[in-house]
Amino acid sequence: MAAKKPKPLVAGNWKMNGGKASARELKSLDTKLKKAGRLPCEVLICPPATLIEGFVAKTRGTKIAIGAQDCHSRENGAHTGDIAAEMLKDVGAKYVIVGHSERRADHDEDSKLVRTKAEAAHRAGLTAIVCVGETEAERDQGSTLKVISAQLKGSLGDTFTAKNTVIAYEPVWAIGTGRTPTPQDVAKVHAAIRKRLITRFGDEGASFRILYGGSVKPSNAVELMGVENVNGALVGGASLKAEDFFGIISAYL
Ligand code: PGA
């Protein structure tokens, strides 16, 4: 049976930015989305944890879903400062990003831990956005595909499905730098990821969404989102302002 082409996802990762006043960007985005009419992609914002509950309340009945940027692997317990996936679910989050390169670097998170976090997300009923991507040094050594392959192998478990998991390819050197790979390079990596997903999950592998992330902005969104096997974007800096984020979403309008 031919797998259905996945519905794209445009996800905003606000990282450690924003406060209660940032709700005005949500409102502005909602207004723009309403004016745009039928939306052929899903729209997600992952604000800092402090804003999740408030943003869920503010986006009820809109086309904007709210997610988180990380979760702990356990359901509860003595883990000061951490947040369980179940707690995110409890306040209305739908997605959680796991294994972002900033967490892999700042908190020494390895792929095994990333897998347990994604499994925690699934246990709680959240969709996990699993991030992979090579550093500049790895790219220069020509080991991009090797690195990504190892990250996928370690970060994904056998129970992962196209419904409970989204993959995000984010070259570390493209994050927040204004630099992006060429569409040809993106196509090559996304095709390799697709191939590995199909090898591992069979037909189901064709339905996983594979997002591109790293310096996506309104001016390059059409080109990047048009690449084969790119099923949406994970957007950092340009997701903070409704106008820019909507400019990226517009690649699908
Ligand atoms: P950027 O970040 O869009 O600011 O490059 C992307 C990300 O880290 O998810």
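Residues numbered from 1 in each chain as written. Predicted model: local features only at pLDDT ≥ 70, side-chain atom pairs only at ≥ 80, totals over all residues. Heavy atoms only, no water.

As a further point, take the pattern of salt bridges. Applying the stated criterion to the full structure yields 12 salt bridges. The salt bridge involving Glu-42 is made with Arg-209; its shortest N-O contact spans 3.1 Å. In this pair, Glu-42 is assigned in strand β2 (residues 42-46) and Arg-209 in strand β7 (residues 209-213), connecting sequence segments 167 residues apart. A residue is classified by how much of its surface remains accessible, and Arg-209, at 8% relative accessible area, is buried. (Salt bridge = Lys/Arg side-chain N within 4 Å of Asp/Glu carboxyl O. Helix = DSSP H or I, 4+ residues; strand = E, 2+ residues; numbered from the N terminus. Buried < 20%, exposed > 50% of the residue type's maximum accessible area, 1.4 Å probe, protein only.)

The nonpolar side chains of a soluble globular protein tend to be buried, and buried together. Leu-29, Val-43, Ile-167, Ile-193 and Ile-249 are the most contacted members of the largest nonpolar core, which has 64 residues in total. For Ile-193, the residues in contact, after removing those within four places along its chain, are Val-132, Ile-148, Leu-152, Ile-167, Tyr-169 and Ile-210. Ala-11, Tyr-95, Ile-129 and Leu-234 belong to the second largest nonpolar core, which has 13 residues in total. (Core = buried A, V, L, I, M, F, W, Y, C linked by side-chain atoms within 4.5 Å. Contact = heavy atoms within 4.5 Å.)

In this structure, the largest pocket spans a volume of roughly 520 Å³. Considering the residues around the largest pocket, the lining is formed by 22 residues, among which Lys-15, Met-16, Gln-69, Asp-70 and Arg-103 are closest to the centre. When contributions to the lining of the largest pocket are tallied by element, the ones reaching two or more residues are α2 (49-59) and α4 (101-106). It is α4 that provides the largest number of residues to the lining of the largest pocket, a total of 3 residues. Of the residues belonging to the lining of the largest pocket, the class tally is 10 nonpolar, 6 polar and 6 charged. (1 Å grid on protein atoms, 1.4 Å probe; cavity = no way out; pocket = protein on both sides within 12 Å on 5 of 7 lines; lining within 4 Å. Points joined across faces, edges and corners; volume = space filled by probe spheres on them. Nonpolar A, V, L, I, M, F, W, Y, C, P; charged D, E, K, R; others polar.)

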